Amino acid sequence: MNESSLGAIFLDSLLINNFVLSVFLGICPFIGVSSKFATAWRMGVSVIFVIFVSSILAFGTNLLLVHFHAEYLRIITYIVIIASTVQLVEMFIKKTSPVLFRALGIYLPLITTNCAVLGVALFQTARDYSFAQSVVFGLGSSMGFTLALVIMSIIRERLELSDVPDMAKGTAMVLMIAGMLSLAFMGFAGMGGGG
């Protein structure tokens, strides 16, 4: 069992090893959905729910797989868990907010294949986290994902009002901002206490 404190796990997953800006998982929705704050925030909340539920279910599933010596089924069972959770979120959003459902477009079902979501389940298993540690890791990771989305969306909305040279508009500017944000988040590595 991993001996890391809950606070250290949360801080590590939120800032130090942020899935998007430090580990570079989940880049597709990060770039695709971050053009508007409202869409980025709602996508972030959806990802928080999916990762939270998936991390809890992945912990329980891993216990069952270890008990029956079927660890080789981890990845496929985690994908089934994630796909089922995303389907629930998709049905909920489609029913409660059709406008948001259309705004998220293809990125909502792509949460299923978002490597950050699968990464949380695989990392918590590999690190041998307890149930509480798994929940905190899931919350910290998903909140870090949402933080990255929201920061990027705020910057992109401000840039729409700025006079940006034509050469740097669009994808080029988005990638430059993502690189600068990544460098900024790498600065949090000093908070890790050398581990």
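All residue numbers here refer to positions counted from 1 along the written sequence of the relevant chain. Two thresholds apply to this predicted model, a pLDDT of at least 70 for residue-level local features and 80 or more for giving and counting side-chain atom pairs, whereas whole-chain, interface and lining totals are computed over all residues. Side-chain numbers here rest on the full set of heavy atoms in the structure, without hydrogens or water.

Topic: a nonpolar patch on the surface
Taken together, Phe37, Trp41, Val45 and Ile154 make up a surface patch of nonpolar side chains, about 340 Å² in accessible area. Relative accessible area serves as the criterion here: at 35%, Ile154 is assigned to the partly exposed category. Each patch is built from residues that are more than 30% exposed by relative accessible area and take part in no salt bridge. Like charges join if they lie within 9 Å; nonpolar side chains (Val, Leu, Ile, Met, Phe, Trp, Tyr) join within 5 Å. Values of accessible area rely on a 1.4 Å probe in the Shrake-Rupley scheme; residue burial ignores everything except the protein chains shown. For this analysis, a salt bridge means a side-chain nitrogen from Lys or Arg found within 4 Å of a carboxyl oxygen belonging to Asp or Glu. Working definition: with a 1.4 Å probe on protein chains only, accessible area under 20% of the residue-type maximum means buried, over 50% means exposed, and in between means partly exposed.

Remarks on the packing of helix 3 (residues 37-67) against helix 7 (residues 131-160)
Note on definitions: angles span 0 to 180 degrees between N-to-C directions of axes, and those axes are lines fitted to C-alpha atoms, for helices only across the stretch in contact. Numbering of helices and strands runs from the N terminus; a helix is a DSSP stretch of H or I covering at least four residues, while a strand is a stretch of E covering at least two. Contact geometry of helix 3 with helix 7 gives a least axis separation of 8 Å together with a crossing angle of 165°. Between helix 3 and helix 7, the angle falls in the class roughly antiparallel. For the pair helix 3 and helix 7, the sense of crossing is right-handed. Classifying every residue of the contact of helix 3 with helix 7 by side-chain character gives 19 nonpolar, 7 polar and 1 charged. Our angle categories are set so that under 35 degrees counts as roughly parallel, over 145 as roughly antiparallel, 65 to 115 as roughly perpendicular, and the remainder as oblique. Put simply, a crossing is left-handed when the front helix is turned counterclockwise from the back one by less than a right angle, and right-handed when it is turned clockwise. The classification used treats Ala, Val, Leu, Ile, Met, Phe, Trp, Tyr, Cys and Pro as nonpolar, Asp, Glu, Lys and Arg as charged, and all other residues, Gly among them, as polar.

Here's the deal with the packing of aromatic side chains
Side-chain rings of Phe, Tyr and Trp, where Trp is taken by its six-membered ring, are said to pair if the distance between their centres is within 6.5 Å; with planes under 30 degrees apart they count as stacked, over 60 as edge-to-face, and otherwise as tilted. A full pass over the atoms with the stated rule returns 5 aromatic pairs. Both rings, one in Phe19 and one in Phe123, keep their centres 5.5 Å apart while their planes meet at 35°; by these two values the pair is tilted. Taken as a pair, Phe19 in the loop between helix 1 (6-16) and helix 2 (27-32) and Phe123 in helix 6 (residues 115-126) lie far apart in primary sequence, 104 residues in all. Put simply, the rings of Phe19, Phe123, Tyr129 and Phe137 pair up and form one aromatic cluster.

Remarks on the pattern of salt bridges
This model, assessed by the stated rule, comprises 2 salt bridges. A salt bridge links Glu160 to Lys36, with the nearest nitrogen and oxygen atoms 3.3 Å apart. A residue pair is termed long-range when its members are at least 10 positions apart, and Glu160 in helix 7 and Lys36 in the loop between helix 2 and helix 3 qualify at 124 residues. Of the charged contacts, one joins Lys169 and Asp166 as a salt bridge, the two residues approaching to 3.4 Å between their closest N and O atoms. Overall, the relative accessible area of 66% leaves Asp166 in the exposed class.

Observations regarding the nonpolar core
Ranked by internal contacts, the top residues of the largest apolar core, which has 40 residues, are Leu21, Phe30, Met43, Val50, Leu104, Ile111 and Met152. Secondary structure elements with two or more residues in this core: helix 1, helix 3, helix 4 (74-96), helix 5 (98-104), helix 6, helix 7 and helix 8 (171-186). Excluding residues that lie within four positions of it along the chain, Val50 makes contacts with Ile82, Thr85, Val86, Val89, Ile111 and Val117. Buried residues of nine kinds, namely Ala, Val, Leu, Ile, Met, Phe, Trp, Tyr and Cys, make up a nonpolar core once their side-chain atoms join them within 4.5 Å. The criterion used for residue contact is that any of the two residues' heavy atoms lie within 4.5 Å.

Quick look at the packing of helix 3 against helix 4
At a minimum axis separation of 9 Å, helix 3 and helix 4 run at an interaxial angle of 150°. By the angle class used here, helix 3 and helix 4 are roughly antiparallel. As for how helix 3 packs across helix 4, the hand of that crossing is right-handed. Facing Ser46, Phe49, Val50, Val53, Ser54, Leu57, Ala58, Thr61, Asn62, Leu65 and Val66 of helix 3, the residues of helix 4 in contact are Arg74, Thr77, Tyr78, Ile81, Ile82, Thr85, Val86, Val89 and Ile93.

Overview of the environment of Ile56
Considering the arrangement of structural elements, one finds Ile56 in helix 3. Overall, the relative accessible area of 27% leaves Ile56 in the partly exposed class. For Ile56 and Ala121, which are 65 residues apart along the polypeptide, the C-alpha to C-alpha distance reads 8.8 Å. With near-sequence residues (within four places) excluded, Ile56 lies in contact with Phe131 and Val135.

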